[in-house]
Every structure is written in structure tokens, then in C-alpha cells.
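As a plain string of letters, each chain reads:
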Amino acid sequence: MPLSPCPLYIAGEWLTPKIPGTPVFNPSTGDVIAECPAGGTTEVNAAVEAAQAAFPAWRDTPPVERARVFFKYRQLVEANFDQLCQTVSREHGKTNAEARGSIFRGLENIEYACGIPTLLFGDSLRNIARGVDCDTINLPLGVCVGITPFNFPAMVPLWMYPTAIACGNTFVLKPSEKVPLSAVLLGQLLEQAGLPKGVFNIVHGGRAAVDALLTHPKVRAISFVGSTPIAKYIYDTGTKHGKRVQANGGAKNYIVVMPDADVGKTVENLATAAFGCAGERCMAGSTALAVGAAADRVLPELVKAANAIKVGPTDRAAQPDMGPVITGQHRDRVLSLLATGEKEGAKIIADGRGVKVAAAPKGFYVGATVVDGVQNNMTLAKEEVFGPVLNVMRMDDLDAAIEQANQSAFGNGAAIFTNNGRAAREFTMRVKAGMVGVNVGVPATMAMFPFTGWDDSFYGDLHIQGKESIQFYTQQKVVSSRWFGGDVGDVWKK
Ligand code: NAD
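Calculation rules
- Residues numbered from 1 in each chain as written.
- Predicted model: local features only at pLDDT ≥ 70, side-chain atom pairs only at ≥ 80, totals over all residues.
- Heavy atoms only, no water.
- 1 Å grid on protein atoms, 1.4 Å probe; cavity = no way out; pocket = protein on both sides within 12 Å on 5 of 7 lines; lining within 4 Å.
- Points joined across faces, edges and corners; volume = space filled by probe spheres on them.
- Nonpolar A, V, L, I, M, F, W, Y, C, P; charged D, E, K, R; others polar.
- Helix = DSSP H or I, 4+ residues; strand = E, 2+ residues; numbered from the N terminus.
- Buried < 20%, exposed > 50% of the residue type's maximum accessible area, 1.4 Å probe, protein only.
- Contact = heavy atoms within 4.5 Å.
- Polar contact = N/O pair within 3.5 Å; in protein donor to acceptor, adjacent residues only side chain to side chain.
- Pairing = 2+ DSSP bridges.
- Patch = residues over 30% accessible without salt bridge, like charges linked within 9 Å, V, L, I, M, F, W, Y side chains within 5 Å.
- Areas by Shrake-Rupley, 256 points an atom, 1.4 Å probe, with all protein chains shown as cover.
- Salt bridge = Lys/Arg side-chain N within 4 Å of Asp/Glu carboxyl O.
- Lys, Arg positive; Asp, Glu negative; His and termini not counted.
- Near = heavy atom within 4 Å.
- Sits in = over half its atoms within 2 Å of the grid points.
- Domains from an automatic or database assignment.
- Expected span 1.5 Å × (residues − 1).
- Axes fitted to C-alpha atoms, helices over the stretch in contact; angles between N-to-C directions.

Caption draft 1: Molecular detail of empty space enclosed by the protein. This model, assessed by the stated rule, comprises 5 cavities of 30 Å³ or more. The computed volume of the largest cavity comes to approximately 120 Å³. Around the largest cavity, the lining is made up of 16 residues, and of these Gly279, Ala284, Ser286, Val385 and Phe386 lie nearest the centre. Here the lining of the largest cavity is composed, by residue class, of 7 nonpolar, 5 polar and 4 charged. Considered as a void within the structure, the second largest cavity measures approximately 50 Å³ in volume. If you go around the second largest cavity, the residues you meet are Lys252, Tyr254, Ala405, Ser408, Phe410, Gly411, Asn412, Gly413, Ala414, Val431, Lys432 and Ala433.

Caption draft 2: Seen up close, the environment of Arg331. Within the secondary structure layout, Arg331 lies in helix H12 (residues 328–343). Residue class for Arg331 comes out partly exposed when judged on its relative accessible area of 22%. Residues in contact with Arg331, not counting those within four places in the same chain, are Val325, Gly363, Phe364, Tyr365 and Val366. A polar contact is formed between the side chain of Arg331 and the side chain of Asp332, at a distance of 3.2 Å.

Caption draft 3: Focus on the pairing of strand E15 (residues 369–372). On E15, burial covers both faces: Thr369 and Val371 on one face and Val370 and Asp372 on the other are all buried. Relative to E15, strand E14 (residues 347–350) is paired through 3 bridges, and the arrangement is antiparallel. Residue Ala350 lies in a different strand from E15, and its bridge partner there is Val370. In this sheet, strand E16 (residues 389–395) lies alongside E15 in parallel orientation, the contact comprising 3 bridges. Across the sheet, the residue bridging to Val371 is Asn391, located in E16.

Caption draft 4: Representation of a nonpolar patch on the surface within the structure. A cluster of nonpolar side chains, namely Met446, Met448 and Phe449, defines an oily patch on the protein surface of about 300 Å² accessible area. Tracing the backbone shows Phe449 in the loop between strand E19 (435–438) and strand E20 (454–455). According to the relative accessible area criterion, Phe449 is exposed, its value standing at 54%.

Caption draft 5: A look at the side chain of Glu91. As for its position among the elements, Glu91 is in helix H3 (residues 81–92). The charged side chain of Glu91 is buried without a salt bridge, its nearest counter-charge being Arg90 at 7.4 Å. A distance of 2.5 Å separates a polar atom in the side chain of Glu91 from a polar atom in the side chain of Ser182. In this structure Glu91 touches Val24, Phe25, Pro27, Ile33, Pro153, Lys178, Val179, Pro180, Leu181, Ser182 and Ile326, once residues within four positions along its chain are discounted.

Caption draft 6: Representation of the site of the ligand in the model. Close contacts around the ligand come from 25 residues, with Thr148, Lys174, Glu177, Ser227 and Glu384 the closest. Within the contact set of the ligand, an oxygen atom lies 2.7 Å away from a side-chain nitrogen or oxygen of Ser227. In this structure, a nitrogen atom belonging to the ligand sits 2.8 Å away from a main-chain N or O atom of Gly249. With respect to the pocket detection grid, the ligand is positioned in the largest pocket. Mapped onto the shell around the ligand, the elements with two or more residues apiece are helix H8 (207–215) and strand E10 (219–225). In this structure, the shell around the ligand is formed jointly by two domains, domain 1 (8–249 + 457–479) and domain 2 (253–438), each of which donates at least three residues.

Caption draft 7: Spatial organisation of helix H9 (residues 228–240). With 13 residues, H9 ought to run about 18 Å at 1.5 Å a step, and its terminal C-alpha atoms sit 18 Å apart, in line with that. Residues Thr228, Ala231, Ile234, Thr237 and Gly238 constitute the buried set of H9. On its buried face, H9 sits against strand E7 (143–147), H8, E10, strand E11 (244–248), strand E17 (410–411) and strand E21 (458–459). At the C-terminal side of H9, Gly242 shows a positive phi close to 85 degrees.

Caption draft 8: Local environment of the sheet that holds strand E13 (residues 285–291). One open sheet accounts for 7 strands, arranged E14-E15-E16-E13-E12-E18-E19; its pairing is mixed. Two strands bound the open sheet, and with one partner strand each, they are E14 and E19. Sheet twist, expressed as the mean angle between neighbouring strand axes with direction ignored, is 25 degrees. Contacts from helix H14 (residues 398–406) reach strand E12 (253–257), E13, E16 and strand E18 (413–417) within the one sheet, and its direction differs from that of E13 by about 155 degrees.

Caption draft 9: Examining the layout of surface pockets more closely. Put simply, the largest pocket is a space of about 1,000 Å³. Lining the largest pocket are 37 residues, with Phe150, Lys178, Gly226, Ser227 and Ile230 sitting closest to its centre. Residue assignment for the lining of the largest pocket shows that the elements contributing at least two residues are helix H6 (155–166), H8, E10, H9 and H12. Looking at which element gives the most residues to the lining of the largest pocket, the answer is H9, with 5 residues. Approximately 520 Å³ is the volume found for the second largest pocket.

Caption draft 10: Up close: the sheet that holds strand E5 (residues 124–129). Taken together, the 3 strands give an open sheet; going across it, the order is E5-E6-E22, and neighbouring strands pair in antiparallel fashion. In the strand order of this sheet, the two ends are held by E5 and strand E22 (474–482), each with one partner. The average undirected angle you get between the axes of adjacent strands in this sheet is 30 degrees. Where E5 lies against strand E6 (residues 132–140), 3 bridges are found, and the strand directions are antiparallel. Paired with Ser124 across the strands is Asp135, a residue of E6.

This is the structure in C-alpha cells:
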């Protein structure tokens with residue numbers, strides 16, 4: 001099969017520069033399907049210049065006209081939904097159902113951007129002093145940048161640029177070099193929606209492209225999603241260079257299972273939270289904290305559910321329950337963390353390590369795995385595994401479970417399964433995490449709510465999505481005005 005094209009998009013032109021690249025795999029088969037050009041300063045400078053040149057006209061385009069582009073974009077994404085799903089599945093390995101779900105979440109961000117005329121409303125107060133009126137105006141910043149991870153090739157970019165652009169900014173997207181093809185397709189659809197040239201640009205590459213973006217004097221704001229060490233690097237370097245930065249990092253999310261939890265529903269949700277998207281989710285439930293009798297009630301069923309998950313290629317009509325992980329290297333890392341876990345005394349009670357996929361023997365597969373007896377000092381308890389692995393820790397009571405969850409350096413998500421409102425309330429108030437689920441295993445927020453990671457899961461002040469994203473992508477001007485010749489009282493007297 002010929003390699004899929006992976007062009008850059010700069011100033012409204014699709015470009016294929018003759019520069020070295022990195023392989024893009026189909027993780028289902030292990031085949032190389034594209035080469036992602038490794039852009040650097042030259043490509044970044046061209047993209048930022050194009051975005052800067054397009055900014056004044058786009059800033060001055062009325063919000064209702066900007067919204068119209070996103071109404072059209074919404075239609076186009078819907079019309080090309082299947083192709084987008086296939087592209088996401090092919091380069092990432094998500095099942096068709098997972099790809100569909102993720103693109104729906106992205107589509108909701110486009111829908112949110114369609115509401116930009118009202119989202120940009122400012123505040124206004126007449127006569128704040130005699131004859132003086134005060135108005136806030138929300139203005140765009142200029143060139144904004146998005147740097148995105150491999151695990152949601154379409155959804156995470158869609159968290160960023162529809163809102164940024166609808167606010168009147170121009171944008172440069174640097175997608176993950178492991179999954180650049182979905183971003184290219186999204187860009188082609190945005191071009192068809194009638195966005196003026198230069199308002200949206202794509203550069204590909206890794207660290208060199210990122211560094212050129214972080215330090216470019218014309219870049220005003222950076223949205224980042226990826227692992228914690230890189231998120232911290234992006235925040236430190238970006239802010240040092242005077243940019244506004246929101247940087248989402250990694251996670252280690254705990255799910256508390258109380259002894260009174262509904263077994264069937266809890267097992268179903270634990271399996272989805274831990275093994276959905278092959279565990280490659282920042283909101284994956286990575287550790288079940290089984291309180292008291294919960295372990296004996298839930299674990300046998302959980303093991304059955306894990307063993308029943310069929311693993312296989314996601315790029316063909318017959319769909320498995322779970323696809324591959326992103327690369328051979330990543331699969332080996334997951335396997336090595338499991339080996340370390342065993343060495344440190346944990347017990348693997350559902351073992352996906354030896355999974356064989358006859359239909360695609362060179363794909364990057366790990367089966368659903370459950371590890372019991374995980375202790376706080378073990379590597380498995382500390383590292384983000386980012387694979388289909390669920391740790392189980394046994395807890396005496398709710399207090400111990402909350403304490404365990406709260407010692408994490410991360411603070412992305414946490415959930416509780418219980419029928420006891422008092423326990424749920426206690427948990428939601430005391431747990432140290434930005435997104436909390438009550439009988440919801442993956443409490444990832446939708447477009448209208450911010451994606452509120454805490455601690456090492458987020459660096460910055462204003463989160464991605466919802467009203468916080470409008471604030472992130474705008475700056476406020478407050479205008480105080482007075483017209484001489486009498487205050488407002490005089491007007492009324494006439
Ligand atoms: P990553 O940090 O390796 O890469 C993310 C981006 O940073 C990519 O575009 C990559 O090209 C770039 N990058 C990588 N190394 C770099 C370096 N040394 N210098 C500059 N840029 C660099 O993350 P990933 O492996 O693609 O994605 C998985 C991670 O993302 C997981 O840790 C996951 O939890 C996290 N994630 C977080 C959220 C969230 O909202 N908190 C959402 C999705 C994924």
C-alpha cells in the first residue's frame with residue numbers, strides 16, 4: 001500500500017517539504033502507513049507568519065460570521081464522520097465505537113464554538129459614577145498554538161482550535177507525530193467550510209517544532225495536552241517566553257468501590273474505564289480501591305469480564321472489543337511495568353500478556369489485565385501505565401481509600417461506586433481530583449464544562465473547554481466612558 005500523504009497546511013496551501021520524517025504506524029497491523037515530516041524552525045516560522053498575517057482581518061470578522069464557518073464545519077464533520085472514524089482507527093487503533101465516541105465529543109466542541117456570539121458577551125454597567133458608563137469587551141489574543149497527544153487524534157485538537165478561532169484568534173496546530181493524519185483530514189474539512197487562508201495552519205514534527213513554537217515572539221497562547229513531564233516543560237518554557245499557557249498532563253485515576261455497590265454495573269463500568277481505548281486515556285480508571293467486602297464481591301466478576309474481552313485489529317469490518325496500543329515500544333513498556341509489578345509482589349489475576357492475534361500477528365497487542373495486591377510503594381502504583389491494566393488495592397474503609405487517592409501527585413479524575421449518598425457526598429467533597437464521578441467510571445467533561453485537572457495533571461490557570469476556554473482565548477478590555485454636558489440624571493429630567 002502506498003503511504004498516505006501527510007502534508008503541512010500553511011497560509012491555505014497543502015505543502016510536502018523535502019525534510020526527514022518519522023514513521024506513522026497502523027498499530028493494528030504494525031505496518032507503516034505514512035511518514036510524518038519532522039518540521040522545525042523554518043516550517044514553524046512560515047506557519048506563525050501566515051497566522052499573524054491572517055489575524056487582523058479575522059479579528060475584525062463579526063462573531064456571527066465566524067460562527068457561520070463553524071456551523072458549516074459541523075455539517076462537514078458529520079457528513080465525513082465515517083472517514084474520520086476510519087482515519088482515527090487506522091492510525092491510533094481505537095475500535096470503531098471508540099473512534100465514533102471520541103469524534104462526537106469533538107463535534108460537541110464545534111457546536112460550542114457555534115455559540116460564540118453569545119459566549120463573547122461582555123459585562124456592562126451604566127452610571128458607575130455620575131455620568132460614567134463601563135463596558136467589558138472580550139478581544140482575541142492573536143496567534144494561538146495547539147500541541148496535542150497521540151491518544152485522541154481528532155478529539156483533543158477539536159478541544160482547542162474551534163473555540164480559539166471562533167474567538168477571533170488564528171491558530172497553528174502541531175498534532176502528535178504518531179497520529180498526524182486525522183488532523184490533516186480535519187484541516188481539509190475546515191478549509192472546505194470556508195475559513196480564510198492562514199487562519200488555521202498545521203505543522204508536523206516533534207521537539208524541534210514544539211521548541212520553535214514555544215519561543216516564537218508572535219505566539220500569544222499555547223494549549224497543550226500530553227504527558228506530565230512535557231506538560232511541565234511546555235508550561236515553564238512557554239510562560240518564560242511571555243505566553244499564556246494551559247498544559248494538561250498525565251494521570252493516575254482511582255475508582256473507589258464500596259461494599260454496597262451494584263456488582264454488575266460496577267464491573268461493567270470498571271472494565272470500560274480501565275480497558276476502553278486499550279487504557280490509553282488520561283481519564284482511564286487505573287486503580288480500583290476495593291473497600292472491605294467489595295473485593296470479594298467484585299473481583300471474580302471483574303476477572304471474568306477482563307478475560308472475555310476480545311482483542312484484535314480495528315481496521316476491518318469485524319470489530320474486536322479492544323484494539324492495540326499505539327506502538328511496539330509502548331506495548332513493551334506496559335509489559336515491562338507488569339513484570340516489575342510481579343517482581344515487587346503484586347499478583348496478576350487476569351493476564352493479557354500472552355495475547356495472540358492470528359489475524360494480525362505483527363500488531364501491538366496487550367490483553368486486558370487485572371493486578372491484585374498492588375501496594376503504594378510499587379512501581380505500578382506510581383507510574384501512569386497507559387495500557388489495558390487495572391490495579392486493585394484493598395482498603396479497610398472509605399477514609400483509607402480517600403487518603404490513598406489523595407496521596408497521588410496527579411489530580412485528574414476519581415470516581416466512586418456506591419448506593420450510599422452519604423459516602424458519595426463525602427468522597428466528592430474530600431477527594432483531590434478535578435473531575436469526579438459518582439457511579440460514572442470516566443467522568444470526562446463535555447464541551448460546555450472545563451476539563452479540570454489538578455496538581456501534576458494540569459499546569460496553568462484556565463482549563464480547556466467551557467467558559468474557561470473563552471477566557472483563555474480572549475483578553476478583556478474595560479472601557480469607562482463619559483460624555484460631557486450633564487450626567488444621566490439630566491437626560492431623564494428633559
Ligand atoms: P507526549 O507528552 O509524549 O506528547 C504530547 C505532545 O508533545 C506531542 O505533540 C509530542 O510531539 C510533543 N512532545 C513529545 N516529547 C516532547 C519533548 N521532549 N519536547 C517537546 N515536545 C514534545 O504525550 P503522548 O504520549 O502523545 O500522550 C499520552 C499522554 O497524554 C498521557 O500521559 C496522557 O495521560 C496524556 N493526556 C492527558 C490528557 C489530559 O487532558 N490531561 C488528555 C489526553 C492525554
